[in-house]
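Working through the structure, step by step
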Amino acid sequence: MYYRWFFYFSLYFLIGCGDTNDLGESRQFEFSYQIDLAQSDDKVELWFPIPQSNEVQVISNEKLNHGDLNCEKLSESTHGNHYYYCSSENGLENDITLTYTCHVKRSEHGAVNYSNLSTYNYDKGTNNITVPEGDIFEDIINENNLTSNDMRSVYDYVLNGMHYGKPTNDEGNPNYKYVNGGINKNTGEEWLPKDITYGRLKVSQDQLVEKQNKKESYAYGNGNATYACDIGVGNCTDYHSYFMSLSRTMDVPARFHMGFNVPDGIEGSIGGYHCWSDYHVDGEGWYPVDISEADKDPSKIDFFFGKLDCNRVEFTTGRDLELHNYTKYVNFFIYPLIEGTTFTKSFSYQNI
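Let us look at the structure shown here. (Residues numbered from 1 in each chain as written. Predicted model: local features only at pLDDT ≥ 70, side-chain atom pairs only at ≥ 80, totals over all residues. Heavy atoms only, no water.)

This part takes up the overall build of the protein chain. Tallying secondary structure elements over the protein chain gives 5 helices and 19 strands in all. Along the first, second and third principal axes, the C-alpha set of the protein chain runs to 60 × 50 × 40 Å. Counting across all 352 residues of the protein chain, residues that qualify as buried make up 54%. Excluding contacts between residues fewer than 6 apart, the proportion of contacts in the protein chain whose partners are at least 24 apart in sequence is 71%. Counting every atom, the protein chain has about 15,700 Å² of accessible surface; 41% of that belongs to carbon and sulfur. (Helix = DSSP H or I, 4+ residues; strand = E, 2+ residues; numbered from the N terminus. Buried < 20%, exposed > 50% of the residue type's maximum accessible area, 1.4 Å probe, protein only. Contact = heavy atoms within 4.5 Å. Areas by Shrake-Rupley, 256 points an atom, 1.4 Å probe, with all protein chains shown as cover.)

Written out as structure tokens, the structure is:
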């Protein structure tokens, strides 16, 4: 089915909490995801993900507004993610704004048995080598006595070995704080202090920026497990790819989830995506972990091993997605992919 669009992206979530089966408290709210596209004389193509209902969230009342784009709702075959592919052969006569809206009900949860979900796609490395298995992870497992019978030990190893930060030497970038004395409000301590070293390579704080090679995706924010292991500093993608590589090396299936954390206020903006992981235990289901959030707020370390709160929404799972008419694997899929024009994006929420 094709749609013409005007795209401003809104999701609805009511904040009421209540028991939903055995899931714990739930929340509903309105989430807004806006993409502004610039006028273009070239062919324009757009891919963007949309959330789905599952055992921990309910998606309803989806609406799609459109400009001069033909849009088709598709399903990515490997992981079952849903997305829209939109295009305009003749470009865009004017600037346009695209909008997707829906209602979301999200539940706090622990272990979940997801229906019709095989572990097959989640017990091996990925095409981008971002979640590899190999000698380096086997060495870590052996050196630290990690075991699949004690997944808390794997969680704690990543938690203790990683430091949250996005190193940059650009003074105009808000991430400059991580290497310039910025303080974590939850701990009262520096994000990345100078008096310690980082990762298996024992990198100093002064070396964190120069150690990145973004051209080869060896940098924070790519979910590169080898980078996370070597450098020990990154964002949620790095923590959870590291956890997944250790898990899979021990033959424990583990998955990658992309979505958004939603603040617990009434309304406001959302800075960007968030990701987390889960691992599978036969006969019990998929246990979630959110190691980067636990590292940012140590008071939640125990909670985020085996539980997730209801202040989030999931859009996609898995890595290395193959999308219609897209010429390369997509490492992970949460922001729009756009060719033929420039764009801006923004996210916000409102309780209803």
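Having seen the structure, we can now continue with the description.
We now examine the nonpolar core. Side chains that are nonpolar tend, in soluble globular proteins, to be buried together. Counting 80 residues, the largest nonpolar core has Leu69, Val158, Tyr242, Phe243, Leu246 and Phe260 as its most contacted members. Among all residues touching Val158, those that are not within four sequence positions of it are Tyr239, Tyr242, Phe243, Leu246 and Ile291. Core analysis: the second largest hydrophobic core is formed by 10 residues, Tyr83, Tyr326, Phe333 and Leu337 among them. (Core = buried A, V, L, I, M, F, W, Y, C linked by side-chain atoms within 4.5 Å.)

A full pass over the atoms with the stated rule returns 11 salt bridges. With a shortest N-O distance of 3.3 Å, Arg312 and Asp309 are connected by a salt bridge. Judged by its relative accessible area of 15%, Asp309 falls in the buried class. Among the ionic contacts, a cluster of salt bridges with common partners joins Lys43, Glu45 and Glu89. (Salt bridge = Lys/Arg side-chain N within 4 Å of Asp/Glu carboxyl O.)

One open sheet holds the 4 strands; their spatial order is E16-E15-E13-E17, and the pairing between them is antiparallel. One side of each edge strand has no neighbouring strand; the edge strands of this open sheet are strand E16 (285–289) and strand E17 (312–317). Pairs of neighbouring strands in the sheet enclose a mean axial angle of 35°, with direction left out of account. Summarising the sheet, strand E13 (residues 254–261) and E17 pair through 5 bridges and their orientation is antiparallel. Bridging across to E17, Met258 finds its partner in Thr316. The sheet contacts of helix H4 (residues 236–249) involve E13, strand E15 (274–281) and E16, and relative to E15 the element is tilted by about 15°. (Pairing = 2+ DSSP bridges. Axes fitted to C-alpha atoms, helices over the stretch in contact; angles between N-to-C directions.)

In this section: the state of the cysteines. As enumerated under the stated definition, the model contains 1 disulfide in all. Between the sulfur atoms of Cys71 and its disulfide partner Cys86 the distance amounts to 2.3 Å. Disulfide Cys71 to Cys86: torsion about the S-S bond roughly 115°, handedness right-handed. Taken together, the positions of Cys71 in strand E6 (residues 67–75) and Cys86 in strand E7 (residues 82–88) put the pair 15 residues apart, joining distant regions of the chain. The exposure class of Cys71 is buried, given its relative accessible area of 0%. With relative accessibility at 0%, the residue Cys86 sits in the buried group. Not part of a disulfide, Cys229 finds its nearest cysteine sulfur in Cys275, a span of 18 Å. Take Cys229: its relative accessible area is 2%, and that puts it in the buried class. (Disulfide = S-S within 2.5 Å.)

Positive phi outside glycine occurs at Asn61, with the angle close to 55°. What makes Asn61 partly exposed here is its relative accessible area of 45%. For Lys202, which is not glycine, the phi torsion reads 55° and is therefore positive. You can see Lys202 is positioned in the loop between strand E11 (189–190) and helix H3 (225–231). The exposure class assigned to Lys202 is exposed, which follows from its relative accessible area of 60%.

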